[in-house]
Every structure is written in structure tokens, then in C-alpha cells.
Protein chains: 2
Amino acid sequence: MNVEKNRVIGIDIGGTGTKIGIVDARGKILARDESIATNAYPTFGEYINAINEVIGRLIEITGSKGKIRGIGVGAPDSNFYTGNIEHAFNLPWKGVLPLAQMLSECSGIPVRVTNDANAAAIGEMTYGTAKGMKNFIVITLGTGVGSGIVINGELVYGSDGFAGELGHVTMVRGEEGRLCGCGRKGCLEAYCSATGVVRTAKEMLETLDTPSLLRDIKGITSRDVYEAALKGDKIALDVFEYTGKMLGEAIADFVAFSSPEAIILFGGLSRAGNLLLAPLQRSLDKSVLHTFKGKTKIIISQLPDSDAAILGASALAWEQLP
Amino acid sequence: MNVEKNRVIGIDIGGTGTKIGIVDARGKILARDESIATNAYPTFGEYINAINEVIGRLIEITGSKGKIRGIGVGAPDSNFYTGNIEHAFNLPWKGVLPLAQMLSECSGIPVRVTNDANAAAIGEMTYGTAKGMKNFIVITLGTGVGSGIVINGELVYGSDGFAGELGHVTMVRGEEGRLCGCGRKGCLEAYCSATGVVRTAKEMLETLDTPSLLRDIKGITSRDVYEAALKGDKIALDVFEYTGKMLGEAIADFVAFSSPEAIILFGGLSRAGNLLLAPLQRSLDKSVLHTFKGKTKIIISQLPDSDAAILGASALAWEQLP
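What you are looking at is a predicted structure, and each value in this text was computed from that prediction instead of being measured. (Residues numbered from 1 in each chain as written. Chains lettered and ligands numbered in written order. Predicted model: local features only at pLDDT ≥ 70, side-chain atom pairs only at ≥ 80, totals over all residues. Heavy atoms only, no water.)

**Observations regarding the overall build of chain A**
Short version of the rule: Secondary structure counts use DSSP, requiring at least four H or I residues in a row for a helix and at least two E residues in a row for a strand, with both numbered from the N terminus. For the radius of gyration, the atom set is restricted to C-alpha positions; the globular benchmark scales as 2.2 Å times the number of residues to the power 0.38. Burial classification: accessible surface area is computed with a 1.4 Å probe over protein chains only, and a residue below 20% of its type maximum counts as buried, one above 50% as exposed, and the rest as partly exposed. In this description, contact between two residues means that some pair of their heavy atoms is separated by no more than 4.5 Å.
Along the backbone of chain A there are nine helices and twelve strands. In terms of C-alpha radius of gyration, chain A reaches 20 Å, essentially the compact-globule figure of 20 Å for 322 residues. Principal-axis analysis of the C-alpha atoms gives chain A an extent of 70 × 45 × 35 Å. Per-residue burial for chain A yields a buried fraction of 59% across its 322 residues. Within chain A, residue pairs in contact and separated by at least 24 positions form 63% of the contacts whose partners lie at least 6 positions apart.

**Some thoughts on the relation of the copies chain B and chain A**
In plain terms, the rule: Least-squares superposition aligns the copies on the C-alpha atoms of those residues with pLDDT at or above 70 in both.
Overlaying chain B with chain A gives an RMSD of 0.0 Å, the required rotation being 180 degrees about an axis along which the chain moves by 0.0 Å. What the superposition gives is, in effect, a two-fold axis relating one chain to the other. Comparing interface residues between copies, 100% of those in chain B also lie at the interface in chain A; the contact surface is shared.

**Focus: the interface of chain B and chain A**
The following threshold applies: Once two parts are brought into contact, the accessible area they lose, counted with a 1.4 Å probe and summed over both, makes up the buried area. For salt bridges, the criterion is a side-chain nitrogen of Lys or Arg within 4 Å of an Asp or Glu carboxyl oxygen. Here a polar contact means two N or O atoms within 3.5 Å. Within protein one must be a hydrogen donor candidate and the other an acceptor candidate, and residues neighboring in sequence count only if both atoms are side-chain atoms. Three categories are distinguished: nonpolar for Ala, Val, Leu, Ile, Met, Phe, Trp, Tyr, Cys and Pro, charged for Asp, Glu, Lys and Arg, and polar for the others, with Gly belonging to the last.
Taken together, the contacts link 40 residues of chain B with 40 residues of chain A. Summed over both partners, the interface of chain B with chain A comes to about 3400 Å²; 55% of that surface belongs to carbon and sulfur atoms. Contact with chain A buries surface across chain B, with Arg-173, Phe-257 and Leu-289 of chain B losing the most and accounting together for 22% of the total. Between chain B and chain A we count six salt bridges in total. Close ionic contact of Arg-173 of chain A with Glu-249 of chain B constitutes a salt bridge, the shortest N to O distance being 3.7 Å. On inspection of chain B and its partner chain A, the count reaches 20 residue pairs in polar contact (both at pLDDT 80 or more). When residues of the side of chain B that touches chain A are traced back to their parent elements, those giving at least two are β9 (145–151), β10 (154–155) and α7 (234–258) of chain B. For the side of chain B that touches chain A, the element with the most residues is α7 of chain B, which contributes six residues. The residue inventory of the side of chain B that touches chain A, partitioned by class, reads 19 nonpolar, twelve polar and nine charged.

**Considering the pattern of salt bridges**
All names here are of chain A. Under the counting rule described, the total for this entry stands at 26 salt bridges over all chains. Across the salt bridge formed by Asp-33 and Arg-57, the nearest N and O atoms sit 3.5 Å from each other. One end of the pair, Asp-33, is in strand β3 (residues 29–37); the other, Arg-57, is in helix α1 (residues 44–62), with 24 residues separating them in the sequence. Its relative accessible area of 7% is what places Asp-33 among the buried residues. Classification of Arg-57 by relative accessible area gives partly exposed; the value is 44%.

**A short note on the packing of aromatic side chains**
Residue and element names in this part refer to chain B. Just so we agree on the cut-off: Two rings from Phe, Tyr or Trp (for Trp, the six-membered ring) form a pair when their centres are within 6.5 Å of each other. A pair whose planes differ by under 30 degrees is stacked, one over 60 is edge-to-face, and the rest are tilted.
Within the structure shown, the criterion is met by 19 aromatic pairs over all chains. Summarising the aromatic geometry, the rings of Phe-44 and Trp-93 are spaced 5.2 Å apart at their centres and angled 65 degrees between planes, so their arrangement reads as edge-to-face. Here Trp-93 lies in the loop between β5 (85–86) and β6 (96–97) and Phe-44 lies in helix α1 (residues 44–62), a separation of 49 residues in the sequence.

**Describing the pairing of strand β11 (residues 262–266) of chain B**
Residues and elements named next belong to chain B. The following threshold applies: A pair of strands is considered paired only if DSSP assigns at least 2 bridges between the two. Handedness is read with the strands pointing away from the viewer; a crossover is right-handed when the path from the first strand over the helix to the second is clockwise.
Counting buried positions over the five residues of β11 gives five, a clear majority of the element. As judged from the four bridges shared by β11 and strand β12 (residues 297–300), these two strands associate in the parallel manner. Its bridge partner being in β12, Leu-265 is matched across the sheet by Ile-300. The parallel pair β11 and β12 is bridged by helix α8 (residues 274–287), and the resulting crossover is right-handed.

**Structural notes on the nonpolar core**
Definition in use: Put simply, a nonpolar core is a bunch of buried Ala, Val, Leu, Ile, Met, Phe, Trp, Tyr and Cys residues held in one set by side-chain atoms that sit within 4.5 Å of each other.
Among the nonpolar cores identified, the biggest contains 112 residues, and Leu-188, Ile-251 and Phe-254 of chain A together with Leu-188, Ile-251, Phe-254 and Leu-265 of chain B are the most heavily contacted of them. Setting aside chain neighbours within four positions, we find Ile-251 of chain B in contact with Ile-139, Ile-263, Leu-280, Leu-284 and Ile-298 of chain B.

**Quick word on the confidence of the model for chain A**
Residues and elements named next belong to chain A. The cut-off we apply is this: Confidence scores here are pLDDT values: one per residue, from the predictor, ranging 0 to 100.
Looking at chain A as a whole, the pLDDT averages 94, with 98% of positions reaching at least 70. Here helix α9 (residues 305–320) stands out as the element of chain A with the lowest mean pLDDT, 84, in contrast to helix α7 (residues 234–258), whose mean of 98 is the highest. Taken over the whole predicted complex, pTM reads 0.92, whereas the ipTM for its chain interfaces reads 0.91.

**A word on the sheet that holds strand β8 (residues 136–141) of chain A**
As a general point, the strands of a sheet are linked pairwise by backbone hydrogen bonds and lie either parallel or antiparallel. All names here are of chain A. What counts is decided by this rule: Interaxial angle, 0 to 180 degrees, is taken between N-to-C directions of lines fitted to C-alpha atoms, where a helix line uses only the stretch in contact.
With mixed pairing, the five strands of this open sheet are ordered in space as β10-β9-β8-β11-β12. One side of each edge strand has no neighbouring strand; the edge strands of this open sheet are β10 (154–155) and β12 (297–300). Where β8 lies against strand β11 (residues 262–266), five bridges are found, and the strand directions are parallel. By the bridge assignment for β11, Phe-136 is matched with Ala-262. On the sheet, helix α8 (residues 274–287) packs against β8, β11 and β12 and is oriented at approximately 165 degrees with respect to β12.

**Quick look at the state of the cysteines**
All names here are of chain B. Condition: Disulfide assignment relies on a single distance test, namely cysteine sulfur atoms paired within 2.5 Å.
In the structure shown here, the tally under the stated rule is zero disulfides over all chains. Of all cysteine sulfurs, the one in Cys-187 lies closest to Cys-182, which takes part in no disulfide; the gap is 3.7 Å. Relative accessible area serves as the criterion here: at 14%, Cys-182 is assigned to the buried category.

**Some points on unusual backbone geometry**
Residues and elements named next belong to chain A. For Asp-77, which is not a glycine, the phi torsion comes out positive at approximately 50 degrees. In this fold, Asp-77 is placed in the loop between β4 (68–74) and β5 (85–86). The backbone of Asn-152 sits at a positive phi, close to 50 degrees, despite the residue not being glycine. By secondary structure assignment, the location of Asn-152 is in the loop between β9 (145–151) and β10. Residue class for Asn-152 comes out partly exposed when judged on its relative accessible area of 24%.

Following this line, the structure appears as C-alpha cells:
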């Protein structure tokens, strides 16, 4: 009997948790599991075995035996061409980890791997707001800043599989640039991520005398800044103004590169909505080369937060497998 | 009799001169004409007629009747998708000029149009150092700074046909950025073009007391700076150091975008060779994200200067016509 392979598995590997889901052709998550703590496994082999057990269980409860077309994995510092995770900062296992090979061997299912921002871009193209778009960029604004770039309808992996590190373009040159997690100075990520927002807030609180709701909070988070801004807090509003302005300037440069139809903002900080979007749009309009003025749409991702990571990864399995 | 169409025509439209050549499949220019002064024609129609006459003559003398597969044109501010020149700064005719349509109608030959930097990239891919490369960027260092970007083996035109304006990424943000020809401030082009080199030299001569051969020259050109540098002139050497450093920093950002196998430098300033290349390479190595360290080759174009513009444009006709 020839069973149609019309389901895929999406796996999102984060520094703390791992999400796994079975997804049908319409982008519905049939079953999901978020029980695996990424950092609870001493060896990568044990971690892969744990994933494989969960996969077996999800296949069982959804009646998906023989129906799984492929597995797509979003993982940090992963290489689409080799299927390996290479020297990931945020994972407990060091060196080169042959993720695709090990997982496909033990599951018997083909596996494709890319980083979470690329997975988000494929997710937007398959299930989201970028359906039918040939040229767009997803910018993920979370703990860090990532990007997935689509040009001529294809994801850009570059010559080595690692293209699209737009969180690490330099926005403030020289010694005054903020130290970034990558060891360099002045990266976009050091300013326009959730952690960057907190740093901006702390800097403003230190250097200005303006009263602020944030002064009473210990261990400020980007959520605190967001909530204070909603209440009209001057410092918090200035933080979003500053962040949006810089993001707009960065996007003006990205537009000069690939002239995308749209920039799609994704992840935690993008939920700030107009607080971020309004200064971003003003800054982009002011900064962008006249040739491109008014051409690029700025869109906040509409994929539901809880599903986006699994959907993005799963879409890789539709996209890239025969 | 079925004559094989194994020749193409390349046309390079510059602000002052127009170059036209017939090229065979091996990239040999069989005949060329550089007699047309771009700015000698009151209307665009007269200019197109003049080009068409030259084409007829070149076809005649090379026995190419019926053998021309297509015409490729490199022209400023031109749109690959529409075949139009749109609001070109450097040309005598204003507005939107339907170049491809008018030239194909009067010549009876299919015409494809793109800007000179994109033509250079296709030229490198067809006849030059980028043969077989799927991911590379050509940066043209002339009066301005242009770029032609190839990703997954295809030229990047973006959503509107104008992608690849890397001369207009912002390198110096805020008011201290140099005014660029585009009306914005701090663009790469304002620093790393031939004119940028002259501006840097003048700034250094004004602000420093260092003796320099350049102090005796009225109307300094980038060639003067080059020749002074060859003689060991401190200011001239510092100009190249400054230019190379900034270009290296810009390239580090481009690498974060598309992770190209190579960056190919093309045009006047690239002939400075190691004077530019050595500081550029040092700066790139220092600036680039660890992921990409040592991966991207910096190459100076090997296409002969006198032929490159015609070859680049002609390659468009091989590439893009059925």
C-alpha cells in the first residue's frame, strides 16, 4: 500500500528547551512536545535518542506511521549544507555535531537543518505573510538578532551555509561600539535585541535624571521597558525610539543590498508593535536611498508565537526534500 | 539556411562616452566602436538611432548578419525588469527612457539592460575570474562605487530591479558623514570611490602638517594619490590605508549578508593593487564575524580594462536571452 507522505516534523532546538511537533500540509500542528530540556543531556548522542523517542511517541499518537515526509530542524549555528551544528555558543556540547546524520539514522526519516532565523523565513514563505513573495528578509528580534534572507524565491545560505548574520553588521564603529556576544563591537544585535533594549534602558537611567517607572525595578527586562512605555514612561519611550531608529538605519542598508519587497519582524521584541514600528518606519524613510523610498513594506509576523518555531522548522522539510 | 546565432553585442553607456562591440562565444571582441559621445544628442531617440547605425556598421564589417543572438547594455540607473533607464543623474535625458524597447525595435535584435556594476558581475561570471562561482560580489570602484551581487548563481535584482546599491550603505552615521552625490550622508561611495580618495587626500592635506608631494598639485586626482603613494609619500599612503580600512569594514558587513566565496574589485581604483588590498585585507580580517573569518577571497578583476565594459554588457545577452 502506498501511503502518501503528507506530514512533516518540525524541531526547534533552543539553548534551554527543545520543541517538537508534527505538522500537516496546511500548517496545522497535530501534536507537540516541549518536554525535552536541551541542557539535561551529558552527550549529544543521548539528546538525539531522547528526541527520537519523542518523535516515535508523536507519530504513534497522531497515526502518522509511514506518513512523515521529512524532519526540519531549526538549531543555532547549524549548517544547511552539511546538516551539522558547528561550535554553538548556547548549546552544552562543543565542536561539530552531525545532527542531520545522527537523527536521520536513528529515526529513518530524512532530516534538514538550518538556523532558527532561516527556519522562520521558510515558515513565513510556507505558512505566513510571505506566501508568494520572492524577495524578503525576516529579522528575528529575540535575545539576539538573527535573519533569514530570501532572494529570487530561495533562502540565501551563501558559499558556506552560514549567510544571513544581519545581527552582526556593525552599526556603531570604533571603540565606542557596545561589546557584542560575538566578541566584536557595535553589532546591531548589541542594540536592537531584547538584551540590547535593556542595555539602552540602563544606560539612559544612568546618564539621565528623568524620572522613570523603571528606576524601581531590579533586573529590568525588555518586557518591563515595554510595559513602562505603554504607560507613557519617557525613558521607556525613548528606548523604543532609539531602538527603532537604529533598526531603521540598518534596514536601509539591507534594502540597498537586496531591495526586498518586505522586511518581516519576528520574535519577542517585534511584539512591541507600533512602539518599535513607528520610529523604525520614520528612520527608514529618512535613511533609505531615494531609489528605494517607500518600496519596502515593514511587517510584523502574524504566525502565532507558540507555533512559529515548530512551523518554521517543519517548513524546511517541505521545502528542501524531494 | 539556419545560421547559428553565436555572437552578441555589448554596449556600455557612460555619462560621456558610449562603447559598442561585437563579441564571440569565447569573449573575443571582434570589432568595437567608441565614437559616440553620449551627451552629443539632444533627444534620446537620436542617440538610439546613432547606436543603431554603429551596430549596423559593426555587423557589416564582421560578417555577423543573422548571427547576433542579442544585445546587452550596461547603463546607469537602468532596470533589468523593465529595460528602462529611470531618472539617471549622469545622462542628458531626463525621466524614464525605454531603452530596451526602442533599441530592439530599430535593430530587430532582442535587448537586455542592466547597470554597469551588474554587467561587470555577469562579465566576470561569463569570461572572468568568477567562472563557476555561485556566490560572489563585484564592487566597482570608479567615480562612484557600484556593485553586482550574485547569489545561488543568479544576479540579484531584488523586488524592483535596482538591488545591489552597496555604494550607498552608510559607513559614517550622523552629521559628520560626508555628503554623497545621492544627497545622503556617510555613504561608502563618498569615501571609497576615486572621488572619495581625492576628498580624503584633501582633508588630510588640510588638517595635517606632514610634507607631501600632493601639496604641489592643483586639482589632485586619484591617480596623483596613487603615484605619490608608489613614491612612498606618507599622506598618500595614509589615504590608501584609510580607504582600504573602510572598504574592509564595509565588506565585513556584506559578508555577514550573503557569505560570498569572493569579492571581486573592479574599475579604476582597484588598479592601485596592494596599496588598497593590503589594508583592506587587514581590516576585513579584523572586522569580520568569526564564522566567516578567512573564508572570503578578495580578488582584483583580471578582465582587461579596455574590454571589460563591453564584455560585461555583452555577457548579459548570453545570460538572459533564450
